[in-house]
Structure formats: structure tokens, C-alpha cells
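# Tertiary structure, described
Here is what each chain is made of, one letter per residue.
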Amino acid sequence: MGGSVLARLVVVSNRVASPKERAAKAGGLAVALREALGTRGGLWFGWSGETQPNPSDTPKVFRSGRVTYALLTLDPEDQRAHYAGYANGTLWPLCHYRLGLLSFRRADWEGYRRVNEHFARALLPLLQPDDIIWVHDYHFIPLAAELRKRGFEGRIGYFHHIPWPTPDVFLSLPSHAALVQDLSQYDLVGLQTEDDVRALLTYISSEARGWIAPGGVVGLRERRFRVAAFPIGIDATAFVRDAKASVGSDEERRLHESLAGRALAVGVDRLDYSKGLPGKFAAFGELLSRYPQHRSTVTMMQIAPVSRGEVAEYRALRRELEELAGAINGEYAEFDWVPLRYLNRPFQRATLAAIYRTARLGLVTPLRDGMNLVAKEYIAAQNPEDPGVLVLSRFAGAADELTGAILVNPYDIEGMADAMNAALLMPLDERRERWQVNMAKVEGNTIHDWCERFIHELSGAIDHLDNPPKR
Ligand code: GDG
């Protein structure tokens, strides 16, 4: 029944943050989901991280507190086709507008579907009719369709963490029609921004011949579902606390000593081609070239943990960045100053908070990004009395909310260098004003608000959508 606040929550995601994974490593989303599951009691269903030929349909199930975990092992070839193939070789570049990097192979599409069927077969026996199922991300678009085929009629919602491309881009996907048909089997489809919603609704009305009613209610063939924007946030309180706690810590002292009075510009991104890292490096080089007063007075630190090393494009990007970083340091370094510190390993969240707080500039310049949580974390970590400046790509979902940032076009290297220069020279009054605008947004829409709103709207979804029962 809609609105039944006590219904059990079932979360499905590719990776599951196990109870042993400490908050420091798990990240804001994982922590928030675990809290939501813990509060109302719930099941977290996902991949075990293991592969094995002819895997069983029975997941490994264990409990921790009020959360039950169910982890499924996948066939190695299906897992490759699903994860490195269709999810990250096809959908990821497509949704990030990188058609030149898109590969489409029918075998990957079939493997992607097989993994979703496998997930549905394994999940179904664990479900109760009243459950609220919340599926995360592009790895599982067909999951609702597979559950419906097997008779599940309860509430299923989907959240797409990455951008939804405009119809002209989306039409490049050979399986576009099947994918949107799959999407229609959800009751609620959540996207990051209003632009994403508009892009999907335009496709539905112009290409799929569906109808759209106010409030984002969509009719597609016999299905009714809702599409709406749910911009994701961060645990602002925790970030403020971590950043304050870092003041005076050994790490913070080491960082300050190493800077020797220089300003710090920081970037934190997974090593991913959507994040615009080569452009960011080039813009920093351009800053040093055209504004020589910043030589020896500013240090850039880019933290870029290696990601998806099994996909060839990611390995190529890593080589490209090594070359660029080497070139910038080779050209501008002094015997007592290295312009760019480039680090390929992950750091504890507390260390990140200290680095964000110390940094006079936050550089978040993706070519496309669903939201970008780093932008929000950087804001939350600042000292309100002396805050740094966020330089933010207009193509990050976060740009809708963080209007106090200096917005840049990440394709405009010279423009980004100008923005870095302006940020470095910005007077304290303006820095404070811009930060206050941004902080109000970060605190006004946290990860907890986001979780609650999605679950609330999904809880009530079925009542007003009035889909005909299967039989
Ligand atoms: C996808 C969408 C959307 C990074 N390095 C370290 C570390 N991180 C943490 C950051 C941040 C998270 O990882 C990255 O989140 P982003 O939002 O920036 O980017 P994606 O990973 O691409 O996330 C994105 C997001 O989903 C949520 O919907 O915003 O648009 O692409 O929290 O702090 N954390 C630690 N050490 C690191 O070295 N501990």
C-alpha cells in the first residue's frame, strides 16, 4: 500500500558496501543507503565481487544489525560483458556525450541482459509483495522488466546517477528503444537534474510516442510511470565536522609545511575521461604560462585514484595524464617547487577533508557529470571566515545548485586559466559571499534529504499511477 512508511526497503546496486567497510572508505552514498536500510529494516542486494562459471541463483545472505545483505556471484564472461562491456563501454560514454568512445557489441548487450535476468531470478524469492525496491544506476536498467516478467507487481524505483543524454545523442545507441521500454517498468525514474528529465521526456514524446502529463507522469504503451529530478547531496554535517577536526592534525601540519606558504589548488576525481583531467592539467599549465606571477606561489594537487583499469580507454587516459603532468613539471618546476602533485591512490575521507579545507581553489572541471559530489564536499569543508573558491564546470549537475562557483566551460582551456587566475586574486568579501550561496545549497539538500525524498515518492508511486495488474 502506498505511503506505508514501514514497508521494507530493498536496495540493489552493483557494489555493496559491506558492514565491515568503514565509513572512512565507503563514501557518502553507501553510508546514507546503509542508514536508510538500517532505520526501516532492509535488504541490500548486489554483486559479491566474485566470478565463477555456472554460478548459483542463490545469493550469499548474511545479516548485520537490521540490514540483510545478499550477494550474488556472476559468470566471468557475463560479468565482463555486463560491466566492462555494455555498462562501461557503451552506456557510460553514451551518457557522458562521448560518442567517439562508444563501442556497441551485441554480445555485450546480451551479457548485460543475462546478468539482469540472473539478478532478477536470485532476488525474486527474497521479495515480499509490499517491499519498496530501489535500483541504482545504469548497470541495472532492465532489472524491473525482468522482475515484472517473473510476476513482481510491487513498487520499483530507479535512480540514474549519471547524465541522461539528449535525444540526438541517445539515438546513437542501437538498443535505445529496448532500454527505454525497460525503464517504463519502473514506477519512479529519478535523474540528477531538470535538464536530464527534459532530455528523457523529449525522447519519450518525440521518439517513443509516449505521452507526458504534469508532474512528469509518463504513459508508454500500457505502462504509467513517473520521471523526476532528485539532485543528490552529501552528508554536509559529517564533512564540516571532519574538516574542522582536521585543523591542527599531523596531516594538516605536514600539508601546510610542504606548501611553505603557497596557495593550494585541489582536484579529486576518479581517473575517468568524463572528469576532464587533461583539460584541467592543460589549464593549469596555461595559467603558469600566461600569468607568471603564479609561478612558485601556487601548487596544484590532483588526487586521481585509478578506476576501471579493465577498460582500455582508462589505461590510455592514465598514460596521457602521466605525460601531461611530466611536461608541466618539467617546464615550470624550480629546484624548490613542483607545480603539480599528481597522486593515483585513494586517501581517507578525513585526509581529503583536510586537503579541501587547506585549498584556496577547488577545481572541478568534468566534461559531463551527473552531479559531482566533490564540488559539494569542497564547499562543506571550507573555513567560513576564509573560504576558498570553487571553479566548476557548467556541465556538472552541481552547477545548477552551486551558482556561487566560478562556472567554466571545460573545453575552453584559456577560459579555465582565466578563471583560476580570477579565483586566486579574489578578495575575501567576494569569496565569503560566493561560499555562503553555495553552502546554503549544500546544507539545504543533503544525502539524507535525497534518500528520504526518493523513498517517500516511491512509496506513494503506485497509488496514483494506476497500472493495470498483470493478470
Ligand atoms: C557518480 C556520478 C554523481 C574520490 N577520491 C577519493 C574519494 N573519492 C570520493 C569523493 C566523492 C566520490 O568519491 C566521487 O563522487 P563524484 O560525484 O565526484 O563522482 P563519481 O564517482 O563519478 O559518481 C556523479 C555520483 O555518482 C553520485 O550520484 O555525483 O556525477 O558520476 O564522494 O570524495 N574518497 C576517498 N578517497 C579518495 O581518494 N575516501
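Residues numbered from 1 in each chain as written. Predicted model: local features only at pLDDT ≥ 70, side-chain atom pairs only at ≥ 80, totals over all residues. Heavy atoms only, no water.

Our next topic: the overall build of the chain. Within the chain, the secondary structure is distributed over 18 helices and 16 strands. Radius of gyration (C-alpha) of the chain: 23 Å, near the 23 Å computed for a compact globule of 471 residues. With the C-alpha coordinates of the chain rotated into their principal frame, the extents come out at 75 × 45 × 45 Å. A buried classification covers 59% of the 471 residues belonging to the chain. For the chain, the accessible surface area stands at approximately 19,300 Å², while carbon and sulfur atoms represent 51% of it. (Helix = DSSP H or I, 4+ residues; strand = E, 2+ residues; numbered from the N terminus. Rg over C-alpha atoms; globule rule 2.2 N^0.38 Å. Buried < 20%, exposed > 50% of the residue type's maximum accessible area, 1.4 Å probe, protein only. Areas by Shrake-Rupley, 256 points an atom, 1.4 Å probe, with all protein chains shown as cover.)

Read from one edge of the open sheet, 10 strands run β3-β4-β2-β1-β5-β6-β7-β10-β9-β8, paired in mixed fashion. Only two strands of the sheet have a single partner each, and these edge strands are β3 (60–64) and β8 (211–213). Across the sheet, the axes of successive neighbouring strands diverge by a mean angle of 25°, strand direction being ignored. When strand β2 (residues 42–51) meets strand β4 (residues 67–74), the two strands line up parallel, connected through 7 bridges. Residue pairing across strands places Gly42 opposite Val67, the latter belonging to β4. (Pairing = 2+ DSSP bridges. Axes fitted to C-alpha atoms, helices over the stretch in contact; angles between N-to-C directions.)

In the vicinity of the ligand, 22 residues are found, and the nearest of them are His161, Phe347, Asp369, Leu373 and Glu377. One of the side-chain N or O atoms of Arg270 is found 2.8 Å from an oxygen atom in the ligand. Within the backbone of Asn372, one N or O atom sits 2.9 Å away from an oxygen atom of the ligand. The protein chains hide 85% of the 730 Å² of surface that the ligand would expose on its own. Among the secondary structure elements, those contributing two or more residues to the shell around the ligand are α13 (349–358) and α14 (373–380). Of the residues assigned to the shell around the ligand, the class counts are 13 nonpolar, 4 polar and 5 charged. (Near = heavy atom within 4 Å. Polar contact = N/O pair within 3.5 Å; in protein donor to acceptor, adjacent residues only side chain to side chain. Nonpolar A, V, L, I, M, F, W, Y, C, P; charged D, E, K, R; others polar.)

We now examine the side chain of His136. Take His136: it is sitting in strand β5 (residues 132–136). Relative accessible area serves as the criterion here: at 3%, His136 is assigned to the buried category. Reaching out from His136, the side chain makes a polar contact with the side chain of His161 at a distance of 3.0 Å. Excluding residues that lie within four positions of it along the chain, His136 makes contacts with Val11, Val12, Ser13, Leu33, Tyr158, Phe159, His161 and Trp450. (Contact = heavy atoms within 4.5 Å.)

Structurally, Lys280 is set in helix α11 (residues 277–290). A distance of 2.9 Å separates a polar atom in the side chain of Lys280 from a polar atom in the side chain of Gln302. Sequence-distant contacts of Lys280, that is, excluding residues within four places in its chain, are made with Gly267, Asp269, Met300, Gln302, Leu363, Thr365, Met416 and Met420.

Let's shift gears to the pairing of strand β14 (residues 361–364). Neither face of β14 is exposed, since Leu361 and Leu363 on one face and Gly362 and Val364 on the opposite face are all buried. Both strand β11 (residues 263–268) and β14 contribute to a ladder of 2 bridges, which runs parallel. Within β14, the position partnered with Ala265 by the bridge is Leu361. For β14 and strand β15 (residues 389–393), the ladder comprises 4 bridges, and the chain directions are parallel. Along β15, the bridge assignment pairs Leu361 with Val389. Regarding topology, α14 serves as the crossover connection from β14 to the parallel β15, and that connection is right-handed. (Right-handed = clockwise from strand over helix to strand, strands pointing away.)

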